[in-house]
Amino acid sequence: MTSDPADLTAADHLDAAREMAATNRPLLAHLLAEEAARRTTDPATAARIRAAFPHPAPTREETD
């Protein structure tokens, strides 16, 4: 791995997202996957990456 974040590839980010998901860190996994998707040139692949790591925001109901 490199020490310069600009040198990281989509695959690097996706590997890190998988690692974060495996260690029960869904928000970090989502953020890393978003970066992987952003660095992917194929829109279909980017969509699959985003679908695999959805935002883990809890469902919230508004009350009066």
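Keep in mind it's a predicted model, so treat the numbers as computed, not measured.

What counts and what doesn't
Residues numbered from 1 in each chain as written. Predicted model: local features only at pLDDT ≥ 70, side-chain atom pairs only at ≥ 80, totals over all residues. Heavy atoms only, no water. Helix = DSSP H or I, 4+ residues; strand = E, 2+ residues; numbered from the N terminus. Buried < 20%, exposed > 50% of the residue type's maximum accessible area, 1.4 Å probe, protein only. Contact = heavy atoms within 4.5 Å. Areas by Shrake-Rupley, 256 points an atom, 1.4 Å probe, with all protein chains shown as cover. Core = buried A, V, L, I, M, F, W, Y, C linked by side-chain atoms within 4.5 Å. Patch = residues over 30% accessible without salt bridge, like charges linked within 9 Å, V, L, I, M, F, W, Y side chains within 5 Å. Salt bridge = Lys/Arg side-chain N within 4 Å of Asp/Glu carboxyl O.

Peer 1: Describe the overall build of the chain, and please don't skip the residues or the numbers.
Peer 2: Looking only at helices and strands, one finds three helices and zero strands in the chain. A total of 64 residues make up the chain; the buried ones form 25% of that total. For the chain, the proportion of contacts with a sequence separation of at least 24, taken over those separated by at least 6, is 43%. For the chain, the accessible area works out to roughly 4,900 Å², and carbon and sulfur atoms hold 54% of it.

Peer 1: Please provide a residue-by-residue account of the nonpolar core, values included.
Peer 2: Core analysis: the largest hydrophobic core is formed by 10 residues, namely L14, A17, M20, A29, A33, A36, A37, A46, I49 and F53. The greatest single-element share of this core, amounting to four residues, is contributed by helix 2 (residues 26-38). Residue contacts for A29: discarding those within four places in its chain leaves A17, M20, A21 and F53.

Peer 1: I'd love a proper account of a nonpolar patch on the surface, names of residues and values included.
Peer 2: Where nonpolar side chains cluster on the molecular surface, the patch consists of L27, L28 and L31 and spans about 270 Å² of accessible area. Along the chain, L31 turns up in helix 2. The exposure class assigned to L31 is partly exposed, which follows from its relative accessible area of 48%.

Peer 1: Describe in detail unusual backbone geometry, supporting the description with residues and values.
Peer 2: A positive phi angle, close to 60 degrees, is found at N24, a residue other than glycine. Take N24: it is sitting in the loop between helix 1 (10-22) and helix 2. Looking at N24, the relative accessible area reads 67%, which means it is exposed.

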